[in-house]
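Residue-level structure breakdown
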Amino acid sequence: QVHLVESGGGLVQAGGSLRLSCAASDGGFSSYALGWFRQAPGNEREFVAAITWRGANTYYSDSVKGRFTISSDNAKGTVYLQMNSLKPYDTAVYYCAAARVEGYYRDSWAYDFWGQGTQVTVSS
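Residues numbered from 1 in each chain as written. Predicted model: local features only at pLDDT ≥ 70, side-chain atom pairs only at ≥ 80, totals over all residues. Heavy atoms only, no water.

**Describing the environment of A92**
- As for its position among the elements, A92 is in strand β9 (residues 92-99).
- Between the C-alpha atoms of A92 and T121, which are 29 residues apart in sequence, the distance is 6.6 Å.
- Among residues more than four places away in sequence, those in contact with A92 are R38, Q39, A40, T118, Q119 and V120. (Helix = DSSP H or I, 4+ residues; strand = E, 2+ residues; numbered from the N terminus. Contact = heavy atoms within 4.5 Å.)

**Observations concerning the state of the cysteines**
- Counting across every chain of the model gives one disulfide.
- One disulfide in the model links C22 with C96; its S-S distance is 1.9 Å. Its S-S torsion of about -80 degrees marks the bond between C22 and C96 as left-handed, since a negative value means left-handed. On the criterion of sequence distance, the pair formed by C22 in strand β3 (residues 18-24) and C96 in strand β9 is long-range, its members being 74 residues apart. (Disulfide = S-S within 2.5 Å.)

**Comments concerning the packing of aromatic side chains**
- Summed over all chains, the structure comprises six aromatic pairs.
- Taking the centre distance of 5.6 Å and the plane angle of 75 degrees together, the rings of F37 and F47 count as edge-to-face. Residue F37 is located in strand β4 (residues 33-39), and its partner F47 is located in strand β5 (residues 46-52); the two are separated by ten residues in the primary sequence.
- F37 gets classed as buried once you look at its relative accessible area, which sits at 1%.
- For the pair Y104 and W109, a centre-to-centre distance of 5.0 Å together with 50 degrees between the ring planes defines the contact as tilted.
- Look at Y104 and you get partly exposed, because its relative accessible area is 40%.
- Between R19 and the ring centre of Y80, over which it is positioned, the NZ or CZ distance is 4.0 Å.
- Above the face of the W114 ring, R45 is positioned so that its terminal group lies 4.2 Å from the ring centre. (Phe/Tyr/Trp six-rings, centres within 6.5 Å; stacked < 30°, edge-to-face > 60°. Buried < 20%, exposed > 50% of the residue type's maximum accessible area, 1.4 Å probe, protein only. Lys NZ or Arg CZ within 6 Å of the ring centre and 35° of its normal.)

As structure tokens, this is what we get:
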């Protein structure tokens, strides 16, 4: 199975930036796409962004569009999420996930493997 490891979370003030990383044990070889989801306490898991591994097509939720940028380094098997202009409502555990099916990048059920998550906290 594919193992995913997230890193880069932390505590920042509103308006600040963080860069998250997700390393895939298979170098992304088995995946159509890698995505980022987030979950705050008491809330459902929410789609953030996704990128197709070979074509580098990107997808964003409306809440992060224009502030977050997803990118990949295929040689390293790593996906990044650059988060700028962070707001308190961005506070959540951020999860990296790998999808093996095409066309359902915004849906959590399409993702087969998940990382352990990294905490992002944005203070007022």
